[in-house]
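# An overview of the molecular structure
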Amino acid sequence: ETGVTQSPTHLIKTRGQQVTLRCSSQSGHNTVSWYQQALGQGPQFIFQYYREEENGRGNFPPRFSGLQFPNYSSELNVNALELDDSALYLCASSSEDNYGYTFGSGTRLTVV
Amino acid sequence: AQSVAQPEDQVNVAEGNPLTVKCTYSVSGNPYLFWYVQYPNRGLQFLLKYITGDNLVKGSYGFEAEFNKSQTSFHLKKPSALVSDSALYFCAVIPRGGRRALTFGSGTRLQVQP
């Protein structure tokens with residue numbers, strides 16, 4: 001059983017650029033959630049995808065968008081990057097019949 | 001809206017002593033409750049969860065937590081701390097019947113001294 005894998009592990013972008021982060025969910029999991037963890041804070045929910053549809057969204061602007069693919073992997077896209085977008089982005093997968101969330105190791109995004 | 005409070009930014013304990021990391025929540029009804037641990041530059045590792053049933057939940061690495069409905073608390077405990085337990089601990093909640101998104105506390109850094 002493979003866990004959740006995220007890529008890349010680290011990324012440096014310039015303010016105003018766009019970025020795409022990727023996540024492969026754990027085998028058997030059809031739900032993917034994305035979280036933003038700023039330095040010294042707890043993770044904040046961005047959005048969740050279930051069977052390729054957005055299934056809930058946190059308090060993040062529309063420039064944060066996502067996709068889920070038929071194999072349940074997912075992407076997080078952020079447009080018009082701002083300095084405050086610098087954070088650890090975490091992906092978590094789960095199955096619809098239980099509340100076991102498996103997290104990836106995250107992507108550390110730095111916006112300069 | 002739901003919220004989770006972890007009142008201690010840091011907890012210091014000597015190796016071999018019992019440890020407690022506190023968590024209280026504000027959610028209507030009986031929520032689902034979770035504890036996660038985070039090591040430096042890593043993602044979150046699941047420790048335990050309360051869904052239903054016995055209020056005392058046993059989890060990974062010897063950790064346990066007690067759901068107390070009247071005090072709306074879900075404190076994490078371990079009878080004998082190890083130096084390797086030193087990490088950042090997060091309590092999280094999902095409202096029962098609500099959106100299946102975790103709401104996290106701000107985290108508590110546990111430091112176990114040898």
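Here, every reference points to the structure presented above.
Attention in this report is confined to the structure presented alongside it. Model, not experiment: these values are computed from the prediction. (Residues numbered from 1 in each chain as written. Chains lettered and ligands numbered in written order. Predicted model: local features only at pLDDT ≥ 70, side-chain atom pairs only at ≥ 80, totals over all residues. Heavy atoms only, no water.)

On to the overall build of chain B. If you tally the helices and strands in chain B, you get zero helices and twelve strands. For chain B, the sequential pattern of α-helices and β-strands runs β-β-β-β-β-β-β-β-β-β-β-β. For 114 residues, the compact-globule formula gives about 13 Å, and the C-alpha radius of gyration of chain B, at 13 Å, lands near that figure. Along the first, second and third principal axes, the C-alpha set of chain B runs to 45 × 30 × 20 Å. Within the span of chain B, comprising 114 residues, buried residues form 46% of the whole. Intrachain contacts of chain B at a sequence separation of at least 6 include 57% that bridge at least 24 residues. Carbon and sulfur atoms provide 48% of the accessible area of chain B, an area that totals close to 5400 Å². Of the charged side chains in chain B, 11 are positive and 7 negative; the average position of the first set lies 10 Å away from that of the second. (Helix = DSSP H or I, 4+ residues; strand = E, 2+ residues; numbered from the N terminus. Rg over C-alpha atoms; globule rule 2.2 N^0.38 Å. Buried < 20%, exposed > 50% of the residue type's maximum accessible area, 1.4 Å probe, protein only. Contact = heavy atoms within 4.5 Å. Areas by Shrake-Rupley, 256 points an atom, 1.4 Å probe, with all protein chains shown as cover. Lys, Arg positive; Asp, Glu negative; His and termini not counted. Charge placed at Lys NZ, Arg CZ, Asp CG, Glu CD.)

Looking now at the sheet that holds strand β1 (residues 5-7) of chain A. The strands making up a sheet are joined through hydrogen bonds of the backbone, oriented either antiparallel or parallel. All names here are of chain A. Spatial ordering of the open sheet is given by β1-β3-β8-β7, a layout of four strands whose pairing is antiparallel. Edge positions in the sheet fall to β1 and β7 (64-68), since each has one partner strand and no second. Averaged over neighbouring strand pairs, the angle between their axes works out to 20° when direction is ignored. Here β1 runs beside strand β3 (residues 19-24); their pairing, made up of three bridges, is antiparallel. Its bridge partner lying in β3, Thr5 is registered against Ser24. (Pairing = 2+ DSSP bridges. Axes fitted to C-alpha atoms, helices over the stretch in contact; angles between N-to-C directions.)

Our next topic: the state of the cysteines. Scanning all chains against the criterion turns up two disulfides over all chains. In this model, Cys23 of chain A is linked to Cys91 of chain A through a disulfide, with the two sulfur atoms separated by 1.8 Å. Looking down the S-S bond of the Cys23 of chain A and Cys91 of chain A bridge, the torsion is -65°, so its handedness is left-handed. One end of the pair, Cys23 of chain A, is in strand β3; the other, Cys91 of chain A, is in strand β9 (residues 87-94), with 68 residues separating them in the sequence. The same class applies to Cys23 of chain A and to Cys91 of chain A, which are both buried. In this model Cys23 of chain B forms its disulfide with Cys91 of chain B; the gap between the sulfur atoms is 2.0 Å. Given an S-S torsion of about -65°, the disulfide between Cys23 of chain B and Cys91 of chain B has left-handed geometry. (Disulfide = S-S within 2.5 Å.)

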